[in-house]
Amino acid sequence: MTQENDPHEPVTITDKRRVDPDTGAVRDNADSASAPSGPTPDPAPENDEAAELKATLQRVKAEYDNYRKRAVRQEQAASERGKAFAATQLLPVLDDLERARRHGDLETGPLKSVADKLTGALQAIGLVAYGVEGDPFDPSLHEAVQHDGDGTNPVIGTVMRQGYRLGDGPVLRHAMVGVVDSVDGPDTNDVSDAQNASNGNENSQSDQ
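What counts, and where the lines are drawn
- Residues numbered from 1 in each chain as written.
- Predicted model: local features only at pLDDT ≥ 70, side-chain atom pairs only at ≥ 80, totals over all residues.
- Heavy atoms only, no water.
- Pairing = 2+ DSSP bridges.
- Helix = DSSP H or I, 4+ residues; strand = E, 2+ residues; numbered from the N terminus.
- Axes fitted to C-alpha atoms, helices over the stretch in contact; angles between N-to-C directions.
- Salt bridge = Lys/Arg side-chain N within 4 Å of Asp/Glu carboxyl O.
- Buried < 20%, exposed > 50% of the residue type's maximum accessible area, 1.4 Å probe, protein only.
- Core = buried A, V, L, I, M, F, W, Y, C linked by side-chain atoms within 4.5 Å.
- Contact = heavy atoms within 4.5 Å.
- Expected span 1.5 Å × (residues − 1).
- Arc of directions from axis to C-beta.
- pLDDT = per-residue confidence, 0-100.

Peer 1: Would you explain the sheet that holds strand E5 (residues 171-173) in this entry?
Peer 2: In sheet architecture, strand pairing relies on hydrogen bonds along the backbone and comes in two forms, parallel and antiparallel. Reading across from one edge, E1-E4-E5 is the order of the three strands in this open sheet, with antiparallel pairing throughout. Edge positions in the sheet fall to strand E1 (127-130) and E5, since each of these pairs with one other strand and no more. The average undirected angle you get between the axes of adjacent strands in this sheet is 35 degrees. Note that E1 and strand E4 (residues 163-166) share four bridges and pair antiparallel. Among the inter-strand pairings, Ala129 is bridged to a residue of E4, identified as Tyr164.

So this is what it looks like as structure tokens:
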């Protein structure tokens, strides 16, 4: 036998129409009313994906920052190499101008103007000359072609060729110098005090 439906079983009818047939108005809560009730879905997968995307973004940002800093350093290094190359090529010209200056050929005239402009331009990019008589001898800066003395206190005695460096950076050309030993005599004031003390002792002995 076929089991018949219980005539007393309640029947639920849900009106899913979005437009009210009586008023013709659009129902705002049609979807919410027809949506079945149940537990809220777990948003954990979306949160994990957002955290992964955030970590990826941070990693890409760090890589870009490192690349940008490295690019700036490389650009600065290339600029310094360019300055050093240009200055090195003009050092023989500076040597000729220095010899002309020693002979008095740069006192006046157009050559003096050219020499001043060239020297000013090279100084503007950081070229620094060094090597003066009396300076302590430094093998990392000076090239000694002759040496007089036993080397106890070597100083520059003669500058045969000027040395140049680019700012505080590398040496472009070592100074060619002659080295002598510095003679550090006793202090004049100490000698005078010793002489005065000796004279005082002699006078006191004569009085006795």
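Peer 1: How should I be thinking about the pattern of salt bridges in this particular structure?
Peer 2: Charged atoms that come close allow side chains of opposite charge to pair. Applying the stated criterion across every chain, the model contains seven salt bridges. Between Glu98 and Arg102 there is a salt bridge, with its nearest N and O atoms 3.6 Å apart. One end of the pair is Glu98 and the other is Arg102, both in helix H2 (residues 44-102) and four residues apart, which spans about a single turn. Ionic pairing is found between Asp116 and Lys112, a salt bridge with its closest N-O pair at 3.0 Å. One end of the pair, Asp116, and the other, Lys112, are both in helix H3 (residues 110-124), four residues apart, so they sit about a helical turn from each other. A residue is classified by how much of its surface remains accessible, and Asp116, at 39% relative accessible area, is partly exposed. Look at the salt bridges and you will find they share partners, linking Glu98, Arg101 and Arg102 into a network.

Peer 1: For this particular structure, what's the right way to read the nonpolar core?
Peer 2: Note that soluble globular proteins tend to have their nonpolar side chains buried in a common cluster. Ranked by size, the top nonpolar core spans 14 residues in total, and within it Leu94, Leu97, Leu122, Leu127 and Leu172 carry the most contacts. At the level of elements, H2, H3 and E4 are the ones that each hand at least two residues to this core. In terms of residue count, H2 provides more of this core than any other element does, six residues in total. Excluding its chain neighbours within four sequence positions, the residues that come into contact with Leu172 are Ala84, Ala87, Thr88, Leu127, Tyr164, Arg165 and Leu166. Ranked by size, the runner-up nonpolar core spans seven residues in total, among them Tyr130, Leu141, Ile156 and Val177.

Peer 1: Looking at this structure, how should I read H3?
Peer 2: Residues spaced three or four apart along an α-helix point in a common direction, a consequence of the helix completing one turn every 3.6 residues. Across its 15 residues, H3 extends 21 Å between first and last C-alpha, which sits within 8% of the 21 Å expected from 1.5 Å per residue. Ala115, Leu118 and Leu122 are the residues of H3 that are buried. In a view along the axis of H3, the buried residues occupy a sector of 70 degrees, so they form one face of it. The exposed set on the far side of H3, more than 90 degrees from its buried face, consists of Pro110, Lys117, Gln123 and Ala124. One or two positions beyond H3, positive phi appears at Gly126, with a value near 105 degrees.

Peer 1: Would you explain the confidence of the model for the protein in this entry?
Peer 2: As a note on interpretation, predicted positions should not be read in detail where pLDDT is low. Confidence along the protein averages 78 in pLDDT terms, with 70% of residues attaining 70 or more. Per-residue pLDDT stays below 50 along residues 30-35; that stretch engages in three contacts with residues further than four places along the chain or on separate chains. Long-range and interchain partners of residues 185-192, a stretch whose pLDDT sits below 50, account for one contact in this model, where long-range means more than four residues apart.

Peer 1: Any chance you could explain the side chain of Asp95 here in plain terms?
Peer 2: Looking at the element boundaries, Asp95 is found in helix H2. Every residue in contact with Asp95, bar those within four places of it in the chain, is listed here: Tyr164 and Arg173.

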